[in-house]
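Analysis of the macromolecular model
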Amino acid sequence: MSNATDYSAESSASDPVSAQSSEIDIPIQPAGVDEALADSAVVMLLTTADGTNVCKTFKHAETGVDVTPYGKACHFSVSSIQPQTIAELAQNLDAYSQRRDVCVIRGVPTAVCNLNYTRRTMAGADATFASKPRSWAMVDYDRGKPSGAPSLVDDPDGAVEAVLAQSPPEMQKASCWYQLGNSAGINPNKYSLHLWFLLDAPVQDSDLRAYFKEHGFDPALANAIQVHYIAKPVFVGMADPVPRRSGIRRGKQERLAAGPIVAAGTLARKIAEIEARQAAQERLRDTMLRALFRSSGDRGTYVKATVADLLDGPFADIVTTEASDGWVHCACPVHASSSNESLHINRETGQWRCHGCDVSGGTAWSLAMFLVSGDRDDAIAALKSAVPRE
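These figures come from a predicted structure and were not determined experimentally.

What counts as what
- Residues numbered from 1 in each chain as written.
- Predicted model: local features only at pLDDT ≥ 70, side-chain atom pairs only at ≥ 80, totals over all residues.
- Heavy atoms only, no water.
- Helix = DSSP H or I, 4+ residues; strand = E, 2+ residues; numbered from the N terminus.
- Contact = heavy atoms within 4.5 Å.
- Areas by Shrake-Rupley, 256 points an atom, 1.4 Å probe, with all protein chains shown as cover.
- pLDDT = per-residue confidence, 0-100.
- Pairing = 2+ DSSP bridges.
- Axes fitted to C-alpha atoms, helices over the stretch in contact; angles between N-to-C directions.
- Core = buried A, V, L, I, M, F, W, Y, C linked by side-chain atoms within 4.5 Å.
- Buried < 20%, exposed > 50% of the residue type's maximum accessible area, 1.4 Å probe, protein only.
- Salt bridge = Lys/Arg side-chain N within 4 Å of Asp/Glu carboxyl O.

**What about the overall build of the protein?**
Along its length, the protein carries 11 helices and 19 strands. The contacts in the protein between residues at least 6 apart in sequence include a share of 69% that link residues at least 24 apart. If you sum the accessible surface of the protein, you get close to 18,900 Å²; carbon and sulfur atoms cover 50% of it.

So this is what it looks like as structure tokens:
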């Protein structure tokens, strides 16, 4: 039995919205709703100032179908909705999806934002929008058709279930409003779905971005001013091949658990901190090595030595394959590579990584230290031999 509800027919019947109308009721916050959660549930609506379509247009042609892509508007007016339930979210977004000139962003207007006519920017003192924790998120599924999944056109409810079956458990449990992508029914190779969730707690954009990256979803939708497209496509000289483009999928829970999203962000920050410390340590080692050469009269030796010098000199025997874009595949002497190609080194950029040891770097010094198993004297000797002293 399907968990989805067709809300589009109900919402359009009770609250019809023409392509040019802006008279849409905004729900009032019900009593008993947590104020912080209610505030974070605000969905910012942008309406193009010049009426530019923020949807695709499909026109019948003798050779097939001509496609006009999403319009690129520069200025917008700003309004908002504040849904507290999936039903309210569905009712409002279904209604606004009838408008060709409306889209959504996560950000909050700044003090300099003119709500009647503004650009979409977060740059410097003239920033018109800022990041703010939100208790909603849109997941963009734009991949190949899942194995065994039904047609988007014939069974959108089943398509949603097939996509969620490949998604994290917390998404499988939560209710959502779904909308098919503009190209659904036109491009048979496109399997595009937008899944809108309400969260049980506000999350920062950075946490949501890390969560999307972890699970293979588009991380750009976690940016404060990234456009979330909701307008239905326009068809000229042809009918919409999709009978129903949206609906509610009911899960065991009304809201998506925010815990895993916050955890993904926390992990990403810890990894970034570790990488930053490692980079700082590598820079410190480089500085100390330069000082060592200066004190011993070997001026310039280290500065001149490059990763390419090492590969052409003392470590030429580890190179097994010259790949593309400056990369070479090498036999790693540290873990006795059986494939003889697990160590990848870029002659041009200096980047290197051993997939067997799971170690990487970006300088001649770090590579030399790795290849001699951390022996500083051996690394110095290798660098010296790579570039003969003048």
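**Looking at the confidence of the model for the protein**
Per-residue confidence for the protein gives a mean pLDDT of 83; residues scoring 70 or more make up 80%. Between residues 1-34, whose pLDDT stays under 50, and residues either more than four places distant or in other chains, the model counts 61 contacts. Overall, residues 294-303 carries pLDDT values under 50, and its contacts beyond four positions in sequence, including any with other chains, amount to 17 contacts.

**Things to note about the sheet that holds strand β6 (residues 102-105)**
Read from one edge to the other, the open sheet built from four strands follows the order β5-β2-β6-β12, with strand pairing classed as antiparallel. Single-partner strands in this sheet number two, and they are β5 (76-81) and β12 (228-229). In this structure, strand β2 (residues 43-48) lies alongside β6, joined through four bridges in antiparallel fashion. Its bridge partner being in β6, Leu 45 is matched across the sheet by Val 104. The sheet contacts of helix α3 (residues 86-96) involve β2, β5 and β6, and relative to β5 the element is tilted by about 155°.

**Some words on the sheet that holds strand β17 (residues 343-346)**
Pairing is antiparallel in the open sheet, where five strands are placed in the order β15-β16-β17-β18-β19. Looking at which strands have only one partner, the edges of the open sheet turn out to be β15 (319-322) and β19 (359-361). Each strand axis lies, on average, 15° off the axis of its neighbour in the sheet, ignoring direction. By the bridge criterion, three bridges tie strand β18 (residues 352-354) to β19 in an arrangement that is antiparallel. Along β19, the bridge assignment pairs Trp 352 with Gly 361.

**Focus on the nonpolar core**
Met 171, Leu 193, Leu 195, Trp 196 and Phe 197 are the most contacted members of the largest nonpolar core, which totals 51 residues. At eight residues, strand β11 (residues 191-203) tops the list of elements feeding residues into this core. If you look at the next biggest cluster of nonpolar residues, it comprises 18 residues, including Leu 311, Cys 332, Leu 343 and Ile 345.

**Here's the deal with the pattern of salt bridges**
Counted by the stated rule, this structure contains 11 salt bridges. In this structure, the salt-bridge partner of Lys 132 is Asp 39, at a minimum N-O distance of 3.0 Å. Note that Lys 132 is positioned in the loop between β8 (129-130) and β9 (134-143) and Asp 39 in helix α2 (residues 35-40), a separation of 93 residues in sequence. Lys 132 sits in the partly exposed class, given a relative accessible area of 23%. What makes Asp 39 partly exposed here is its relative accessible area of 37%. Two residues, Arg 269 and Asp 207, come together in a salt bridge whose shortest N-O distance is 2.7 Å. Placement of Arg 269 in helix α7 (residues 259-295) and of Asp 207 in helix α6 (residues 205-215) is noted, with a sequence separation of 62 residues between them. Note on Asp 207: relative accessible area 3%, which makes it buried. By sharing partners, the salt bridges in this structure join Asp 312, Glu 322 and Arg 347 into a single network.

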